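Summary of structural features
Residue strings, one per chain:
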Amino acid sequence: MSRDEQLKQRWEEVVSKLSAQFADGDTLDLDAIIYLIGVQELGQLHRRFKKDHKLDLMHIAICKLLEPYGYYEFDFVDEDGWPHYKVKEQLPALKAGEQSILMKEAIVNYFIETKYIK
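This structure is a prediction, so every number in the text was calculated from the model and none was measured.

This part covers the pattern of salt bridges. Scanning the entire structure with this criterion turns up three salt bridges. Between Lys-8 and Glu-12 there is a salt bridge, and its shortest N-O distance comes to 3.7 Å. Separated by four residues within a single helix, Lys-8 and Glu-12 lie in helix H1 (residues 3-22), roughly one turn from each other. On the accessibility criterion, Lys-8 (54% relative accessible area) is exposed. Given a relative accessible area of 45%, Glu-12 falls into the partly exposed group. Ionic pairing is found between Lys-86 and Glu-73, a salt bridge with its closest N-O pair at 3.6 Å. Of this pair, Lys-86 sits in strand E2 (residues 83-87) while Glu-73 sits in strand E1 (residues 72-77), placing them 13 residues apart in sequence.

Quick notes on the rules
- Residues numbered from 1 in each chain as written.
- Predicted model: local features only at pLDDT ≥ 70, side-chain atom pairs only at ≥ 80, totals over all residues.
- Heavy atoms only, no water.
- Salt bridge = Lys/Arg side-chain N within 4 Å of Asp/Glu carboxyl O.
- Helix = DSSP H or I, 4+ residues; strand = E, 2+ residues; numbered from the N terminus.
- Buried < 20%, exposed > 50% of the residue type's maximum accessible area, 1.4 Å probe, protein only.

Here is the structure:
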């Protein structure tokens, strides 16, 4: 199986499992999955978030997801429990499709590491 096919298969598994668990079977999109990862990383699972905090949660997720690629490095957790990252390397200019593939690959790797999928 090619790397692209394996990524596609694993991505579909992530989407299917998360959609069943969090969206009553509606299909979650990439942004929704990034948001869920942000909530997971913050660790405040039963809290309701305002719109501006939702963007912050997505930022946490993106930093966490791209940390293994060398773009971000965990820095500290503030007094409110929010993790902070520092930029290690600027992201390269990517086309929209390339960004999507990078994020899907990073999400799949995240869920493999957390043993949510195999």
